[in-house]
Amino acid sequence: MTDVGEPGEAVSKIRSAAARPKRWFDREGTEFGRGIGFFDAIYGFAITLLIANLDLPPAEAWVSIEALLGSGLGDQLLAFGISFVVIAVFWKANANLMSRFRGIDSPVIVANLLSAGLVVMLPFTTQGISEAGLSDLPLPTALYAVNVALVIVAGQLVFEVGAARGLLADPSPARVRWAWRVDALAQVAVFAVSIPVAYLAGADWGRATWIALAVVSPLTGRWAARVADRARIRDDWVVERE
């Protein structure tokens, strides 16, 4: 004789299966590790490409440190350092984000590929802000700002796709997700503002605008973290399956 509880259990299993992506790679599987390893390699490759932006100074520039830096190497080293930190920060953010996933599927992989592709572009746009004769122009600064802003947006897209696909190990309430979106948009705004500044006041002032990120990012990041903490304290962190 059929157990009365079985139909309800069957319906529950059907709904759970319907909510789960059709094909995805579980975190415990080798495919997940291979995917993350591939993206990590792209970030490492992008950092390695930055060295191509350093030109060998002429022989006469090697007489002193001042002559070396004055040959244009100083600007190139500064741009190298900035982009090295930027790519490293993006890699760390991606690693932290992917640690929240219980699995990945094709849409998440595509979103990650988009983000990684934009990161690989950073050595190219870095050359524009480091080359003598180009760094004083507003366009290279604007292109670099657009590049970084798009990487930030793409990183947020990875999160949004993962949440929509039900692949987050610890889904968050709507207001917490909005707090993280505001955090990302605040960072994008800093680079967006630097573009008109570069055209109106000069490339140096446009790049100087990026320093505001040292204030804006910690402020919005801590605010978003407080929103998340309050949600946990109030037991409002409800697991959602979309």
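Presented here is an overview of the structure given in this document. (Residues numbered from 1 in each chain as written. Predicted model: local features only at pLDDT ≥ 70, side-chain atom pairs only at ≥ 80, totals over all residues. Heavy atoms only, no water.)

1. Quick look at the overall build of the protein
Moving on, step 1. From N to C terminus, the protein includes 9 helices and 2 strands.
Moving on, step 2. Residue burial in the protein is summarised as follows: out of 242 residues, 38% are buried.
Moving on, step 3. A sequence separation of at least 24 residues applies to 77% of the contacts in the protein between residues at least 6 apart.
Moving on, step 4. Accessible surface computed for the protein: about 13600 Å², of which carbon and sulfur atoms make up 67%. (Helix = DSSP H or I, 4+ residues; strand = E, 2+ residues; numbered from the N terminus. Buried < 20%, exposed > 50% of the residue type's maximum accessible area, 1.4 Å probe, protein only. Contact = heavy atoms within 4.5 Å. Areas by Shrake-Rupley, 256 points an atom, 1.4 Å probe, with all protein chains shown as cover.)

2. Some points on the environment of valine 182
Moving on, step 1. In this structure, valine 182 sits in helix α7 (residues 174–201).
Moving on, step 2. A residue is classified by how much of its surface remains accessible, and valine 182, at 38% relative accessible area, is partly exposed.
Moving on, step 3. When the C-alpha positions of valine 182 and alanine 224 are compared, they lie 8.1 Å apart, and in sequence the two are 42 residues distant.

3. A word on a nonpolar patch on the surface
Moving on, step 1. On the surface, a cluster of nonpolar side chains totalling about 460 Å² of accessible area is made up of Leu139, Leu143, Tyr199 and Leu200.
Moving on, step 2. When residues of the nonpolar patch are traced back to their parent elements, those giving at least two are α6 (138–164) and α7.
Moving on, step 3. One can find leucine 200 in helix α7. (Patch = residues over 30% accessible without salt bridge, like charges linked within 9 Å, V, L, I, M, F, W, Y side chains within 5 Å. Salt bridge = Lys/Arg side-chain N within 4 Å of Asp/Glu carboxyl O.)

4. Focus on the side chain of aspartate 183
Moving on, step 1. Relative to the helices and strands, aspartate 183 resides in helix α7.
Moving on, step 2. Buried and unpaired, aspartate 183 has no salt bridge, with arginine 100 as the nearest side chain of opposite charge at 10 Å.
Moving on, step 3. When sequence neighbours within four positions are dropped, the list of residues in contact with aspartate 183 reads Ser217, Thr220, Gly221 and Ala224. (Lys, Arg positive; Asp, Glu negative; His and termini not counted.)

5. Focus on the packing of aromatic side chains
Working definition: an aromatic ring pair is given by the centre-to-centre distance plus the angle between the planes.
Moving on, step 1. If you walk through the whole model with that rule in mind, you get 5 aromatic pairs.
Moving on, step 2. Taking 5.2 Å as the distance between ring centres and 35° as the angle between the ring planes, the aromatic pair formed by tyrosine 144 and tryptophan 210 counts as tilted. Pair noted here: tyrosine 144 is in helix α6 and tryptophan 210 is in the loop between α8 (203–208) and α9 (213–233), with a separation of 66 residues, a long-range link.
Moving on, step 3. Classification of tryptophan 210 as buried rests on a relative accessible area of 11%.
Moving on, step 4. Look at phenylalanine 159 and tryptophan 180: their rings are 5.6 Å apart centre to centre, the planes differ by 90°, and that puts the pair in the edge-to-face class. Residue phenylalanine 159 is found in helix α6, and its partner tryptophan 180 is found in helix α7; the two are separated by 21 residues along the sequence. (Phe/Tyr/Trp six-rings, centres within 6.5 Å; stacked < 30°, edge-to-face > 60°.)

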